[in-house]
Amino acid sequence: MDITKISPLNTGYLCTGYQIEKGLGEKVAMRLIQPDLSFSDITFKELDQKSNQFANVIKQIGLQPQEIMTIYLPVGIPELYTGFLGILKAGGIACNVFSNMGKDALYTRLEDSASTYLLTKKSLYKRLKTIIDDLPSLKKIILVDLHQDEQDETEENPKVVNLQKLLVSASQEFSPVHNDLETPYVLHYTSGSTGKPKGVIHVQQAIVHQLRTIEEVLQLNENDIYWCTADPGWVTGTTYGITAPWMSGVTQIVNAGGFNPVDWFQIVQDQKITVWYTAPTALRMLMREEDKFKGKFDLSNLDRMYSVGEPLNPEIIRWVKKTLDKQIYDTWFQTETNAIMISNRPGLPVKDGSMGKPLSTIQPRIGDDQAQALPANKTGRLLVKAGWESMMRGYWNNEQAYQKKFENGWYDTNDLAYQDQDGYYWFVGRNDDVINTSGHLVGPFEVESALLELDEIVEAAVIGAPDPMLFEKVVTFIVLKNGAEWNRKLEIAIRIHITNKLGPIAVPLDYIIMNDLPKNQSGKILRRVLKANYLGEDAGDTSTMA
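What you see is a predicted model; the values in this text were computed from it and never measured. (Residues numbered from 1 in each chain as written. Predicted model: local features only at pLDDT ≥ 70, side-chain atom pairs only at ≥ 80, totals over all residues. Heavy atoms only, no water.)

A. Just the overall build of the protein, in detail. Scanning the protein from terminus to terminus reveals 18 helices and 27 strands. Its C-alpha atoms give the protein a radius of gyration of 23 Å, within 12% of the compact-globule value 24 Å for 546 residues. With respect to the three principal axes, the spread of C-alpha positions in the protein is 65 × 60 × 50 Å. Considering only contacts in the protein between residues 6 or more positions apart, those separated by 24 or more positions represent 66%. Approximately 21,900 Å² of the protein is accessible, and the part contributed by carbon and sulfur atoms is 47%. When the 55 basic and 68 acidic side-chain charges of the protein are each reduced to a single mean position, those positions are 1 Å apart. (Helix = DSSP H or I, 4+ residues; strand = E, 2+ residues; numbered from the N terminus. Rg over C-alpha atoms; globule rule 2.2 N^0.38 Å. Contact = heavy atoms within 4.5 Å. Areas by Shrake-Rupley, 256 points an atom, 1.4 Å probe, with all protein chains shown as cover. Lys, Arg positive; Asp, Glu negative; His and termini not counted. Charge placed at Lys NZ, Arg CZ, Asp CG, Glu CD.)

Listed below in structure tokens is the structure:
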């Protein structure tokens, strides 16, 4: 069935109303696990009704088609999911961000996207009060956890809306907006190596490739109990923790608790999870604490596991086979691609450590500097033939950066890889300065800018360095102001400052104090030289570095 022929063409409707038409209304769509491992269920019918109510509320307060609503909520808050679907039903563009994001990182995204609405909770709203007045595009701030008669925040700021109060009179019926294939529906922000984070635009047609990945890679069916551990602030958590599984009529587990190896395996056992999608960092943490769970849980219902965010180390694959007696499959994609592009999967023999092979409609190439194909086993740029359905349609307000991503009809992933003689792809590294820490991309520019706000620091450079747990850790090189002294107090101040501004994922784990930083003739900091020196490697010829 061609899902794009279903009317209305609306991803929110396809996740809920369409599933009801298929006879799945009473089926559990989301089982929400609390930190104490108690749980509550939302059926597809309830998911449809609650997202319809939200759509009615935001239409009532003025949301227009193609306006952007940013969702700033932690995993496990039901309104994150019903709100996301309601935005899509109403014809808006949803932008999920991490709830642990600092106020400056949030401001950058709200300001760049010109978001007109923000969905959040009281505690997070208090965190960003100081930036509200500097966001003239922001019309309304919708708080999900005010009581129906609670007025404190709404009286203080007329922009604040009490969601629970408006839901009381909101209808559970809503006619979703009908879109065409090129109508934008989601905006994801990703960090670049320089400058501000870029907003990646995806359109309704992305669902075609999303569903292809469900069929070819995850191979989910309506009997599966599925758990994707990714936060929806990350593209994985949106594509594979909201839209693709629900468009497939699959029951999803959502865990509101933090990482705890015993709790995680308790959830896998008690909820009879059949397919588990997670990340190498989480798996490495499980490996480190295997004595807490090894042999203590019944994992007989778990059929297979998948990994995403960074290369899956061969030792993890072997550990999963030995300790859990399961097969785990690596998957590769990016924010810009929206969904899985190259992967290992059932039916394809796994070469431990490889990225696997491309999906049926994806045409990758290992290219040289002119995008010409390189022979087998030769490292080069990982390129993808442009035109797949879930390809990004732009960088928000940055057409020049978008055009630079394509060369002669090929999308440049900025990853380095090679293809072996059997057609398997192997990841080698990034071709830019972006840091992949725990599967999340951190742009050095944002961290450096935040560091320079501290009085004691006159120059700063940030790199990523290999780390056995995080894949890459954030390392910073600092030049102190005359008279300033490096000590534990200043390190703590830096950690707090970066956490408040950007979030804990961007906090440096290693600090190198220097008298000056290496630069080229134009004054650009040579991160490559710093990284080579840090790793004890040869920086190569630096005489012509731009």
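B. View of the environment of Tyr240. For Tyr240, the position within the fold is in helix α11 (residues 235–247). Overall, Tyr240 belongs to the buried group, its relative accessible area being 0%. The spacing of Tyr240 and Tyr277 is 37 residues in sequence and 8.5 Å in space, taken between C-alpha atoms. Within polar-contact distance, the side chain of Tyr240 engages the side chain of Thr213 at 2.7 Å. (Buried < 20%, exposed > 50% of the residue type's maximum accessible area, 1.4 Å probe, protein only. Polar contact = N/O pair within 3.5 Å; in protein donor to acceptor, adjacent residues only side chain to side chain.)

C. Seen up close, the pairing of strand β14 (residues 328–332). Burial of β14 is extensive: 5 of the 5 residues sit out of reach of the surface. Residues of β14 alternate between two faces, with Ile328, Asp330 and Trp332 on one and Tyr329 and Thr331 on the opposite face, all of them buried. As defined by bridge partners, strand β13 (residues 304–307) adjoins β14 across 3 bridges and the pair is classed as parallel. Residue pairing for β14: Ser307 is matched across the bridge by Asp330. One crossover worth recording links β13 to the parallel β14 by way of helix α14 (residues 314–324), and it is right-handed. Bridging between β14 and strand β15 (residues 342–343) involves 2 bridges; their strand directions are antiparallel. (Pairing = 2+ DSSP bridges. Right-handed = clockwise from strand over helix to strand, strands pointing away.)

D. Spatial organisation of the sheet that holds strand β25 (residues 457–467). Strand order in the open sheet formed by 3 strands is β25-β26-β27, and the pairing between neighbours is mixed. Two strands lie at the open edges of the sheet, namely β25 and β27 (510–513), each paired on one side alone. On average, each strand axis in the sheet is inclined to that of its neighbour by 25°, with strand direction left out of account. Pairing geometry for strand β26 (residues 471–480) and β27, over 4 bridges, is parallel. Paired with Val475 across the bridge in β27 is Asp510. Relative to the sheet, helix α16 (residues 444–451) contacts β25 and β26, its axis offset from that of β25 by approximately 145°. Its contacts with the sheet place helix α17 (residues 488–502) against β25, β26 and β27, and it is angled at close to 125° to β27. (Axes fitted to C-alpha atoms, helices over the stretch in contact; angles between N-to-C directions.)

E. The arrangement of the side chain of Asn436 in detail. Tracing the backbone through its elements, the reader meets Asn436 in strand β23 (residues 435–437). In this structure Asn436 comes out as buried when scored by relative accessible area, which is 9%. In terms of polar contacts, Asn436 uses its side chain to reach the backbone carbonyl oxygen of Gly309, at 2.8 Å. Beyond its immediate chain neighbours, meaning those up to four positions away, Asn436 contacts Gly309, Glu310, Leu441, Leu470, Phe471 and Glu472.

F. Focus on helix α18 (residues 527–535). Taken as a whole, α18 has its buried residues at Arg527, Val529, Leu530 and Ala532. As for α18, its buried residues are in contact with α16, β25 and β26. With its phi angle positive at about 70°, Gly536 sits one or two positions after the end of α18.

G. Molecular detail of the sheet that holds strand β10 (residues 225–228). Read across the sheet, 9 strands follow the order β2-β1-β11-β10-β12-β13-β14-β15-β16 without closing on themselves; strand pairing throughout is mixed. At either margin of the open sheet sits one strand with a lone partner, and together these are β2 (39–43) and β16 (357–358). Where strand β1 (residues 28–33) meets strand β11 (residues 251–255), 4 bridges bridge the pair, whose relative direction is parallel. Across the sheet, Arg31 pairs through a bridge with Ile253, a residue of β11. Lying over the sheet, helix α12 (residues 261–270) contacts β1, β10, β11 and β12 (275–278), oriented at roughly 150° with respect to β12.

H. Seen up close, the environment of Phe265. With respect to the element layout, Phe265 can be found in helix α12. Here Phe265 falls in the buried class, since its relative accessible area comes to 1%. Each C-alpha atom, one on Phe265 and one on Val160, is 40 Å from the other, the two residues being 105 residues apart in sequence. With sequence-adjacent residues up to four places away left out, Phe265 is seen in contact with Trp276, Leu286, Phe293, Phe297, Leu299 and Leu324.

I. Representation of the nonpolar core within the structure. One finds Tyr226, Tyr240, Tyr277, Ile494 and Ile498 to be the most contacted residues of the largest nonpolar core, which totals 83 residues. Per-element tally for this core: the top contributor is α17, with 4 residues. Counting 51 residues, the second-largest nonpolar core is a separate cluster that includes Ile6, Phe44, Phe54 and Ile142. (Core = buried A, V, L, I, M, F, W, Y, C linked by side-chain atoms within 4.5 Å.)

J. Up close: the packing of helix α5 (residues 103–113) against α17. Between α5 and α17, whose axes approach to 3 Å, the crossing angle comes to 30°. Considering the angle they form, α5 stands roughly parallel to α17. Side by side, α5 and α17 meet where Lys103, Asp104 and Ala105 of the first sit next to Asn500, Lys501 and Leu502 of the second. (Parallel < 35°, antiparallel > 145°, perpendicular 65-115°, else oblique.)

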